[in-house]
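Coordinate inspection notes
Here are the chains, one letter per residue:
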Amino acid sequence: MAKKKEKEIKLEDGQVVEVEYDKALVQEFIDHKEDVVEGIGADGDDVPTYGLQTTVNTDDFDELLGEGAVVLDE
Amino acid sequence: MNDVRKTRPVAGNKYYIRRANGGYSGCIQGSPTDSQCNVLANCVGYANGATNEQKGEGREVYPLTCNAENFIERGIAYGLSVYKNPEVGDCLVWQKGSTLSGSDGAGHVAMCTDVLERNADGTSKVIITSESGYGASKPFWRTQRTNVNGKWGAGSGYTFRGCLRIPGYKPSTVTPNVDKDIYKNQIEVKITDLRVRTDAGTDKSILGFASKGYYNYYETKDASGYKWYRIADGQWIASNDNWTTVYPAQPKPTPTYKYKIGDKVVINGQLYGNADGGNPGKTVSNRVTNITRIAEGHPYPYNTTGDLGWMAESSISPYSPTPTPTPTPTPTELKVGDTVKIVGEGRASSYGDKPVAGGIGWTRTILKIYKGRPYPNQVGNKSGTTGFYKDSALKKL
């Protein structure tokens with residue numbers, strides 16, 4: 001996803017962000033809030049207009065899990 | 001807000017059912033599609049549902065419907081906080097590959113349901129996550145994750161990004177149940193969701209609910225017609241034969257230990273991260289070391305030089321050095337002039353082609369040595385040659 005020109009993201013009261021993040025992508029999500037809320041299934045429409053998962057993770061456990069991980073149960 | 005989910009969501013839970021099917025979720029359909037919750041199997045469908053279920057407003061307040069690795073940005077856009085270290089209720093986010101575009105992998109998300117161990121600075125060290133995965137053979141599973149390399153148990157292709165947290169979210173403070181321990185005062189809760197109150201008495205505030213299992217208790221009181229047990233500070237449960245069983249602590253036998261600190265031992269077998277057998281580590285074979293610590297009352301009580309890990313007594317044997325073999329004495333080489341006793345037959349020629357020479361028991365001197373010949377040692381005295389002998393027929397005096 002091409003980066004847009006970054007501008008400062010205004011956090012909400014009480015919102016804490018301790019990690020690095022893609023500001024342009026956050027802004028893109030903010031700009032498309034209306035599409036996300038109204039465009040996906042609000043009236044039973046199954047076809048999203050924006051922001052759905054486009055890539056699924058099909059890694060098996062050997063790839064998904066590494067050192068320090070133990071699958072416990074279902 | 002609700003407590004974080006620790007069990008598989010079931011039919012009718014709208015946080016895990018797509019809007020098109022009457023639920024709250026804007027996520028894509030899972031695969032294989034779960035018959036009860038159709039956003040499963042999929043890590044995104046599960047984490048989105050669990051986060052919004054915690055929020056508990058009967059709608060999808062946080063539409064975490066995007067690729068897993070973009071949860072951080074989507075969460076920030078919708079007012080979620082992001083922390084470096086997981087706590088109960090957080091959504092852990094991993095990136096796959098080097099980009100956030102999804103072109104090199106979708107990433108992964110999972111919900112932190114328990115913190116099992118903490119580091120000295122109070123940050124989480126071992127956690128349990130609840131999660132799902134697209135294409136997985138089961139729609140829900142739990143994973144114990146130890147942060148040994150910054151990845152929180154993810155595979156080598158993943159990078160841990162951070163944890164989404166609902167601002168102001170506080171998980172239930174009801175103390176978790178514990179393993180049965182006959183040496184501690186314990187009470188077993190036999191029903192689901194026994195009320196936990198801030199003090200003894202049915203008029204006291206309900207703090208939360210104790211689930212089935214064992215709880216240590218530290219104090220008792222009689223109030224409101226019940227005997228009450230304090231299972232943590234400010235946490236009391238009422239006892240009744242129908243829903244609890246009380247197990248007073250039994251006296252603990254004084255443990256005896258075969259080894260003491262400083263003993264030199266040989267260790268063989270599994271090492272553990274703690275004396276209770278948690279965090280299994282590497283195994284060692286025939287390693288000679290010394291006992292450095294003993295954690296009394298634990299099943300893996302011994303630690304050794306270098307803090308390799310904790311071991312059971314059965315994995316340890318006393319060190320006994322291998323006896324040094326007595327060196328075989330090197331035969332003393334005979335030389336001209338040596339005084340020798342004749343102990344075997346010789347010959348009248350160093351080539352051995354002449355008659356037998358006697359003299360057994362006589363003391364003589366080596367007059368000359370013909371190296372390479374079968375009977376090389378010419379033996380005699382002032383009177384002349386007695387005979388020619390092999391080394392084995394002569395004893396040096």
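Reading the values: the criteria
Residues numbered from 1 in each chain as written. Chains lettered and ligands numbered in written order. Predicted model: local features only at pLDDT ≥ 70, side-chain atom pairs only at ≥ 80, totals over all residues. Helix = DSSP H or I, 4+ residues; strand = E, 2+ residues; numbered from the N terminus. Buried ≥ 20, exposed ≤ 12 C-beta atoms within 10 Å, placed from the backbone. Contact = placed C-beta atoms within 7 Å. Core = buried A, V, L, I, M, F, W, Y, C linked by C-beta atoms within 7 Å. Expected span 1.5 Å × (residues − 1). Arc of directions from axis to C-beta. Pairing = 2+ DSSP bridges. Axes fitted to C-alpha atoms, helices over the stretch in contact; angles between N-to-C directions. pLDDT = per-residue confidence, 0-100.

For chain B, the helix and strand inventory stands at 2 helices and 26 strands. Out of the 397 residues in chain B, the part that is buried amounts to 40%. When contacts within chain B are restricted to residue pairs at least 6 apart in sequence, those whose partners lie at least 24 apart make up 53%.

It is worth spelling out the overall build of chain A at this point. On a plain count of helices and strands, chain A comes out with 3 helices and 1 strand. Beginning at the N terminus, the succession of helices and strands in chain A can be written as α-α-α-β. Here chain A holds 74 residues, and the buried ones make up 18% of them.

Taken together, the contact between chain B and chain A spans 56 residues of the former and 43 residues of the latter. Among the elements of the structure, α1 (43-55), α2 (71-77), β1 (81-83), β5 (141-146) and β6 (158-165) of chain B are those that each provide at least two residues to the side of chain B that touches chain A. Tallying contributions element by element places β5 of chain B first for the side of chain B that touches chain A, with 6 residues.

Among the nonpolar cores identified, the biggest contains 55 residues, and Cys43, Ala47, Phe71, Cys91, Leu92, Val93 and Val109 of chain B are the most heavily contacted of them. Elements with a contribution of two residues or more to this core: α1 (23-31) of chain A together with α1, α2, β2 (91-96), β3 (108-118), β4 (124-131) and β6 of chain B. Those residues in contact with Leu92 of chain B, other than ones at most four positions away along the chain, are Pro86, Val109, Ala110, Cys112, Thr129, Trp152 and Cys163 of chain B. Among the nonpolar cores identified, the runner-up in size contains 15 residues, and Val189, Ala210, Tyr215 and Tyr217 of chain B belong to it.

The periodicity of an α-helix, 3.6 residues per turn, causes residues three or four positions apart to be oriented the same way. All names here are of chain B. Its 13 residues place the ends of α1 18 Å apart at the C-alpha level, agreeing with the 18 Å of an ideal helix rising 1.5 Å per residue. For α1, the complete set of buried residues consists of Cys43, Val44, Gly45, Tyr46, Ala47, Asn48, Gly49, Ala50, Thr51, Asn52, Glu53 and Gln54. Where α1 is buried, its residues touch β2, β3, β4 and β6. Following α1 by one or two positions, Gly56 has its phi on the positive side, about 70°.

Buried within α1 of chain A are the following residues: Leu25, Val26 and Phe29 of chain A. The buried side chains of α1 of chain A occupy one side of the element, clustering within an arc of 105° when seen end-on.

Residues and elements named next belong to chain B. An order of β10-β7-β14 is seen for the 3 strands of this open sheet, with the pairing classed as antiparallel. One side of each edge strand has no neighbouring strand; the edge strands of this open sheet are β10 (213-216) and β14 (244-247). When the angles between neighbouring strand axes are averaged without regard to direction, this sheet yields 25°. Sheet topology note: the strand β7 (residues 186-189)/β14 ladder contains 4 bridges and is antiparallel.

All names here are of chain A. A residue-level look at chain A finds 68% of positions with pLDDT of 70 or above and a mean pLDDT of 76. Averaged over each element, pLDDT in chain A is lowest for helix α2 (residues 33-39) (65) and highest for α1 (92). The model gives residues 38-45 a pLDDT under 50, and that stretch makes 14 contacts with residues more than four places away or in other chains.

Residue and element names in this part refer to chain B. Within the element layout of this structure, Ser320 appears in the loop between β19 (316-318) and β20 (339-342). For Ser320, a count of 8 C-beta atoms within 10 Å corresponds to the exposed category. With 56 residues separating them along the chain, Ser320 and Lys264 place their C-alpha atoms 8.7 Å apart.

With that out of the way, let us pick up unusual backbone geometry. All names here are of chain B. Cis geometry marks the peptide bond from Ser31 to Pro32, where omega comes out at -10°. Put simply, Leu40 and Ala41 share a cis peptide bond, and its omega is 0°. Although it is not a glycine, Asn279 adopts a positive phi angle of roughly 50°. Positionally, Asn279 belongs in the loop between β15 (264-272) and β16 (280-294). Positive phi, close to 50°, is recorded for Asn286, a residue that is not glycine. By the secondary structure assignment, Asn286 is in strand β16.

Of all the 5 residues making up strand β13 (residues 235-239) of chain B, 4 are buried; the element is thus mostly covered by neighbouring parts of the structure. The loop that links strand β12 (residues 226-232) of chain B with its antiparallel partner β13 of chain B comprises 2 residues; one of these, Gly234 of chain B, has a positive phi angle of about 70°.

It is worth spelling out the environment of Asp263 of chain B at this point. Residues and elements named next belong to chain B. Along the chain, Asp263 turns up in the loop between β14 and β15. Along the backbone, Asp263 and Tyr319 are 56 residues apart, and their C-alpha atoms lie at a distance of 8.4 Å. Residue contacts for Asp263: discarding those within four places in its chain leaves Asn290 and Ile291.

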